[in-house]
Amino acid sequence: MDWCRYRFRSVWRLPAPPDAVYAVLERAEDYPRWWPQVREVVAVDDRTGTARFRSVLPYELVVATEVLRRDPAARVLEVGLRGDLDGWARWTLAAEGAGTRALYEQEVEVRSPLMRTLAVPGRPLFRANHALMMRGGRRGLAAHLRASPPPV
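What counts and how
Residues numbered from 1 in each chain as written. Predicted model: local features only at pLDDT ≥ 70, side-chain atom pairs only at ≥ 80, totals over all residues. Heavy atoms only, no water. Helix = DSSP H or I, 4+ residues; strand = E, 2+ residues; numbered from the N terminus. Rg over C-alpha atoms; globule rule 2.2 N^0.38 Å. Buried < 20%, exposed > 50% of the residue type's maximum accessible area, 1.4 Å probe, protein only. Pairing = 2+ DSSP bridges. Axes fitted to C-alpha atoms, helices over the stretch in contact; angles between N-to-C directions. Contact = heavy atoms within 4.5 Å. Salt bridge = Lys/Arg side-chain N within 4 Å of Asp/Glu carboxyl O. Core = buried A, V, L, I, M, F, W, Y, C linked by side-chain atoms within 4.5 Å. Phe/Tyr/Trp six-rings, centres within 6.5 Å; stacked < 30°, edge-to-face > 60°. Lys NZ or Arg CZ within 6 Å of the ring centre and 35° of its normal.

Caption draft 1: Focus on the overall build of the chain. Counting its regular elements, the chain contains four helices and seven strands. Secondary structure of the chain in N-to-C order comes out as β-α-α-β-β-β-β-β-β-α-α. The C-alpha atoms of the chain give a radius of gyration of 15 Å, which matches the 15 Å a tight globule of 152 residues would have. Expressed as lengths along the three principal axes of its C-alpha atoms, the size of the chain is roughly 50 × 30 × 25 Å. Here the chain holds 152 residues, and the buried ones make up 43% of them.

Caption draft 2: Fine view of the sheet that holds strand β6 (residues 85-96). The strand order across the open sheet built from seven strands is β1-β7-β6-β5-β4-β3-β2, with neighbouring strands paired in antiparallel fashion. Two strands in the sheet have a free side with no partner beyond their single neighbour: β1 (5-14) and β2 (38-43). Taking the axes of each pair of neighbouring strands and ignoring which way they run, one obtains an average angle of 20 degrees across the sheet. With eight bridges joining them, strand β4 (residues 61-71) and strand β5 (residues 76-83) adopt antiparallel strand pairing. Bridge pairing in β5 places D71 opposite V76. The sheet contacts of helix α1 (residues 18-25) involve β1, β4, β5, β6 and β7 (99-110), and relative to β6 the element is tilted by about 155 degrees. Packing of helix α4 (residues 119-147) onto the sheet brings it into contact with β1, β2, β3 (48-53) and β7, and relative to β1 it is tilted by some 25 degrees.

Caption draft 3: Quick peek at the pattern of salt bridges. Summed over the entire model, instances satisfying the criterion amount to 15 salt bridges. Residue E109 is joined to R5 by a salt bridge in which the shortest nitrogen-to-oxygen separation is 3.2 Å. Of this pair, E109 sits in strand β7 while R5 sits in strand β1; the two residues are 104 residues apart in sequence, bridging distant segments of the chain. With a closest N to O distance of 3.2 Å, E78 and R90 form a salt bridge. Of the two residues, E78 is situated in strand β5 and R90 in strand β6; the sequence distance between them amounts to twelve residues. For E78, a relative accessible area of 14% corresponds to the buried category. A single salt-bridge network, built from bridges that share partners, covers D2, R5, D86, E109, R111 and R116.

Caption draft 4: Up close: the pairing of β3. With burial as the criterion, only one face of β3 is covered, namely that bearing G49, A51 and F53; the residues T48, T50 and R52 on the opposite face remain uncovered. Two elements, β2 and β3, share five bridges in a ladder whose sense is antiparallel. Bridge pairing in β3 links A43 to G49. Between β2 and β3, which pair antiparallel one after the other, the connecting turn spans four residues. Two elements, β3 and β4, share six bridges in a ladder whose sense is antiparallel. From the neighbouring strand, T48 faces β4, where its bridge partner is E66.

Caption draft 5: Molecular detail of the nonpolar core. By size, the foremost hydrophobic cluster in this structure holds 39 residues, and its most contacted members are W12, L25, W35, W91 and L141. A total of seven residues in this core trace back to one element, the largest contributor, which is α4. Beyond its immediate stretch of four places on either side in the chain, W91 contacts W12, L25, Y31, W35, R75, V76, L77, A102, L103 and Y104.

Caption draft 6: A look at the packing of aromatic side chains. For the structure on display, the rule yields eight aromatic pairs. The interplanar angle of 65 degrees and the centroid separation of 4.8 Å between the aromatic rings of W12 and W91 together place this pair among those described as edge-to-face. With W12 in strand β1 and W91 in strand β6, this residue pair connects regions lying 79 residues apart in the sequence. Classification of W12 by relative accessible area gives buried; the value is 2%. Given the relative accessible area of 6%, W91 is considered buried. Among the aromatic residues, those joined into a cluster by ring pairs are W12, Y31, W34, W35, W91 and Y104. The ring of Y6 is capped by R123, whose NZ or CZ atom sits 4.2 Å from the centre of that ring.

Dropping the structure here:
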């Protein structure tokens, strides 16, 4: 087992139609407005940017991002990540009743020297930290969607 590789999967059920959720998720530069652990997203151009994350543990991750797939018809958003984490992250949205089922998947290898040094003893903490970050994102996005309902 490579202790520096992670695979994450989260399912969020959200109170808005998939197209409205997609419209919010495709604007990554706005994530810090509703996702507390996403500290900053800076667009370099329409395909690349940088992002800073920090959850409960006292460290910050910085990555460069590149759009790999932006498909509104299939409701899929995927980015490549390079920096403290190397790999990819993907949103796949589907209608579920009057709302949306948002599947988040991520496969990364940790490049942060501190996280690599602490790979074995820190792994349970890193996974828990990620889970808390995802919980914060789900709550923030649900509240954002309720405060900004889509036009009728």
